[in-house]
Amino acid sequence: MCRLGSPLRLLYAICLFVAVFSISAEAQNPVSIQNVNFGSVQVGSSLIMPATVTNTGKSKLKIVKVSISGTAFAFVGPNLPITLSSQQSANLSVSFTPQTAGSFTGSISVTYWAASGGHGYGSKAIASLSGSGSSSATGYLTAPSSMNLGSVPVGSSQTQALTVSNTGKASLTISATALAGSGYTVTGLTLPYNLASGASASLSVIFSPTTSGTDNASLTLSSNAADPTVTVSLTGNGTTSSGTLGVTPGSMTFGTVTIGTTQTQNGSVTATGGSVTLSSTSSNNSAFTLGGLTLPVTLNAGQSLPFTVTFAPTASGTASANISFFASNSTSATESASGSGATVQHIIDLSWNASTSGSIAGYNVYRANASSGPYSKINSSLDPALSYSDNTVSSGKTYYYETTAVDSSGVESSYSNQVQVVVPFP
């Protein structure tokens, strides 16, 4: 039994201190962070790359601070704090903006708070940053980091465009493409291919699965750019069940729509019995246009996507259309649409001065489609007023008017001066 102040009591305290220190030592460094090499970057330009940080411990931790050392490097996101579960990773974005030519080094320091054995503690993880500034103009090849080709039935194929760009300040030459993995082919560029500064080019990536299941591959493009290789991750899914397409509603009726205006209705396209890749659409009447879909798009079984159909008549009368949806597995569906275009009912108001002759009983109004005639009387009976409204005109037409005066004896005067009126369209 120990007594206060005894050597044994002192030894116990020392042992306790060592035990507590050991727990903290074992809990240190549950964080790994990648070194980042930016390669060669044009002076005055900026390149952002991710520094991947991973929680390799068994408990959650919180990243509370990120510090950057070294000129030309800066932390640009994401917002802090960040909580990482065990084995979870996050990308910390770091920019490199050299203002002079030469090599640059620095570091990224991550301060985090974690817990172990009922105790909380703070610590840091550090990784190196490096890059070089180039004073000579160079090309820089950029491409999407990944591409999803969707679900494709075995034995069929799906094609998507892959756009690559030269964001550097000089032209570059793409010398080769290499695929690692099966089920994919790449076409569209004749190599070597010269890509001017600021220009873009498209390659066609074709996914043709031979077995069901997820199929992953990578496409690497080699060039003489500042970044000599760029890799794009490819993924797709081969399916053995072939789905079908359906549209709701099966038909749309727009009623009467005035020319120069539009009316829009909503619908949806659905995959049934399996996944379907919607590859294209068409309308056989330009007055009916389809919107709201970005193609190609893969729908899983039971999944629906909304779309819109807009009716914009350009002529009067009934109009109809078949709007078709096509899938990569050769299935299709059709939406029928109908409506009627109508012009605005225009009215021409005419007025004139009174005849100076005596005993005037009324006036007649004459109309022609050409300035030279012939003229036809359009009032059904003698008009005693000094005005007349013509509501039998058509949009876009030109009309010519003249009037006559009739006295109480039925004697009609000669024609008045001619008036030309252009009816607007619609």
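The structure presented is a predicted model; accordingly, all values stated were derived computationally and were not measured.

**Comments concerning the pairing of strand β17 (residues 213-223)**
In terms of strand pairing, strand β13 (residues 172-180) meets β17 through six bridges, oriented antiparallel. Counted as the bridge partner of Ala178 is Thr220 from β17. Bridge analysis of β17 against strand β18 (residues 229-239) gives 10 bridges, and the strand direction is antiparallel. Across the sheet, residue Asn216 finds its bridge partner in β18, namely Thr235. The turn joining β17 and β18, which pair antiparallel and follow one another in sequence, is formed by five residues.

**Focus on the packing of aromatic side chains**
The final tally for this structure, using the stated rule, is 12 aromatic pairs. With a centroid separation of 5.7 Å and an interplanar angle of 50°, the aromatic rings of Phe254 and Phe311 are classed as tilted. Taken together, the residues Phe254 in strand β20 (residues 251-258) and Phe311 in strand β25 (residues 304-311) connect sequence positions 57 residues apart. Three or more aromatic residues link up through ring pairs in this structure, and these residues are Phe38, Phe73, Phe96 and Phe104.

**So, the layout of surface pockets**
What the largest pocket holds in volume is close to 240 Å³. Lining the largest pocket we find 17 residues, and of these Ser355, Tyr363, Thr404, Ala405 and Ser413 sit closest to its centre. Only β29 (360-368) and β32 (398-407) provide two or more residues apiece to the lining of the largest pocket. Top element by residues in the lining of the largest pocket is β32. It accounts for four residues. Residue composition of the lining of the largest pocket, grouped by class: seven nonpolar, nine polar and one charged.

**What to know about the environment of Leu92**
One can find Leu92 in strand β7 (residues 89-96). Taking the C-alpha atoms as reference points, Leu92 and Ile108, 16 residues apart in sequence, are found 9.6 Å from one another. Not counting residues within four places of it along the chain, the set of residues in contact with Leu92 comprises Ile33, Met49, Pro50, Ala51, Val53, Val66, Phe75, Gly77, Pro78, Ile82, Ile108 and Val110.

**Some words on the side chain of Thr310**
Relative to the helices and strands, Thr310 is located in strand β25. At 3.0 Å, the side chain of Thr310 and the side chain of Thr264 are in polar contact. In this structure, Thr310 is in contact with Thr262, Gln263, Thr264, Ala287, Phe288 and Thr289, ignoring residues within four places of it in sequence.

**A closer look at the sheet that holds β25**
The antiparallel open sheet is built from four strands, whose spatial order is β19-β21-β25-β23. Sheet topology places β19 (244-248) and β23 (288-291) at the edges, where each strand pairs with a single neighbour. The mean angle between the axes of side-by-side strands here comes to 30°, regardless of whether they run parallel or antiparallel. Pairing geometry for strand β21 (residues 263-272) and β25, over eight bridges, is antiparallel. Looking at the pairing, Gly267 lines up with Phe307 of β25.

**Looking at the confidence of the model for the protein**
Per-residue pLDDT for the protein averages 88, and the proportion of residues at 70 or more is 92%. Taken together, the stretch residues 1-27 has pLDDT below 50 and engages in seven contacts with residues farther than four places along the chain or on a different chain.

**Concerning unusual backbone geometry**
In most cases, non-glycine residues show a negative phi, while peptide bonds are predominantly trans. Across the junction of Leu191 and Pro192, the peptide omega takes the value -5°, indicating a cis bond. Mapping Pro192 onto the fold places it in the loop between β14 (184-187) and β15 (193-195). The backbone of Ala72 shows a phi angle near 80°, a positive value even though the residue is not glycine. Note that Ala72 resides in the loop between β4 (61-69) and β5 (73-77). Among the residues examined, Ala72 registers a relative accessible area of 23% and is labelled partly exposed. The residue Gln87 is not glycine, and still its phi comes out positive at about 70°.

**Concerning the sheet that holds strand β11 (residues 146-153)**
The strand order across the open sheet formed by five strands is β11-β18-β17-β13-β15, and the pairing between neighbours is mixed. Each edge of the open sheet is held by one strand with a lone partner, namely β11 and β15. Strand after strand, the sheet turns through a mean of 30° between neighbouring axes, direction not considered.

So, how was this worked out
- Residues numbered from 1 in each chain as written.
- Predicted model: local features only at pLDDT ≥ 70, side-chain atom pairs only at ≥ 80, totals over all residues.
- Heavy atoms only, no water.
- Pairing = 2+ DSSP bridges.
- Helix = DSSP H or I, 4+ residues; strand = E, 2+ residues; numbered from the N terminus.
- Phe/Tyr/Trp six-rings, centres within 6.5 Å; stacked < 30°, edge-to-face > 60°.
- 1 Å grid on protein atoms, 1.4 Å probe; cavity = no way out; pocket = protein on both sides within 12 Å on 5 of 7 lines; lining within 4 Å.
- Points joined across faces, edges and corners; volume = space filled by probe spheres on them.
- Nonpolar A, V, L, I, M, F, W, Y, C, P; charged D, E, K, R; others polar.
- Contact = heavy atoms within 4.5 Å.
- Polar contact = N/O pair within 3.5 Å; in protein donor to acceptor, adjacent residues only side chain to side chain.
- Axes fitted to C-alpha atoms, helices over the stretch in contact; angles between N-to-C directions.
- pLDDT = per-residue confidence, 0-100.
- Buried < 20%, exposed > 50% of the residue type's maximum accessible area, 1.4 Å probe, protein only.

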